[in-house]
Amino acid sequence: MKKLVMAVMALGILLSTANAGVKEVYVGSTTSLGKQYVIKCTNGRSIYEVHIESNGFWYSGASNMGDDYKNKSINEVAETFCR
């Protein structure tokens, strides 16, 4: 019985992660760097201080988010992050 309960719990975690999506995207603040976005996912994951620079790269704070996010809209960035 314990194994069955553990298997069901593990499956639930996998399904909730696989079905994660964007819950909310909004402008948290505006600074000299431009709009600072907040991204919240349906699985509880979130990221703050997301902004784009003139080189097309998105940054979280001072950290480059990588090529997967380059030249994307904020909605595409949120979809990729929450996946």
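Look up: the structure comes first, before these words.
First, a word on scope: everything that follows refers to the structure included in this document.

About the thresholds
- Residues numbered from 1 in each chain as written.
- Predicted model: local features only at pLDDT ≥ 70, side-chain atom pairs only at ≥ 80, totals over all residues.
- Heavy atoms only, no water.
- Helix = DSSP H or I, 4+ residues; strand = E, 2+ residues; numbered from the N terminus.
- Buried < 20%, exposed > 50% of the residue type's maximum accessible area, 1.4 Å probe, protein only.
- Contact = heavy atoms within 4.5 Å.
- Areas by Shrake-Rupley, 256 points an atom, 1.4 Å probe, with all protein chains shown as cover.
- Pairing = 2+ DSSP bridges.
- Axes fitted to C-alpha atoms, helices over the stretch in contact; angles between N-to-C directions.
- Phe/Tyr/Trp six-rings, centres within 6.5 Å; stacked < 30°, edge-to-face > 60°.
- Lys NZ or Arg CZ within 6 Å of the ring centre and 35° of its normal.
- Polar contact = N/O pair within 3.5 Å; in protein donor to acceptor, adjacent residues only side chain to side chain.

**Here we look at the overall build of the protein chain**
Then, number 1: A count of helices and strands for the protein chain gives 2 helices and 5 strands.
Then, number 2: Going through the 83 residues of the protein chain one by one, you find that 25% of them count as buried.
Then, number 3: Within the protein chain, residue pairs in contact and separated by at least 24 positions form 21% of the contacts whose partners lie at least 6 positions apart.
Then, number 4: For the protein chain, the computed accessible surface area is about 5,800 Å², with 56% contributed by carbon and sulfur atoms.

**Structural notes on the pairing of strand E2 (residues 34-41)**
Then, number 1: Relative to E2, strand E1 (residues 22-31) runs antiparallel, the two being bridged by 8 bridges. Note that in E2 the partner of Thr30 across the bridge is Lys35.
Then, number 2: When E2 meets strand E3 (residues 46-52), the two strands line up antiparallel, connected through 3 bridges. Of the residues in E3, the one forming a bridge with Ile39 is Ile47.
Then, number 3: Counting the residues between successive antiparallel strands, the hairpin from E2 to E3 contains 4 residues, one of them, Gly44, with a positive phi of roughly 95°.

**Focus on the side chain of Gln36**
Then, number 1: Mapped onto the elements of the fold, Gln36 is located in strand E2.
Then, number 2: Accessibility expressed as a relative area gives 7% for Gln36, which makes it buried.
Then, number 3: If near-sequence neighbours (up to four positions away) are discounted, Gln36 is found in contact with Tyr26, Val27, Gly28, Ser29, Thr31, Glu49, Val50 and His51.

**Brief notes about the sheet that holds strand E5 (residues 63-64)**
Then, number 1: The sheet built from 5 strands is open, its strands ordered E1-E2-E3-E4-E5 with antiparallel pairing. With one partner strand each, in any of the chains shown, E1 and E5 form the two edges of the open sheet.
Then, number 2: Sheet contacts for helix H2 (residues 74-82): E1, E2, E3 and strand E4 (58-60); angle to E2, the most-contacted strand, approximately 35°.

**Focus: the packing of aromatic side chains**
Then, number 1: Under the criterion given, the structure shown has 1 aromatic pair.
Then, number 2: Seen from the ring of Phe81, Arg45 lies directly overhead, with NZ or CZ sitting 4.0 Å from the centre.

**Considerations on the side chain of Thr80**
Then, number 1: Examined against the element boundaries, Thr80 turns out to sit in helix H2.
Then, number 2: At 2.9 Å, the side chain of Thr80 forms a polar contact with the backbone oxygen of Glu76.

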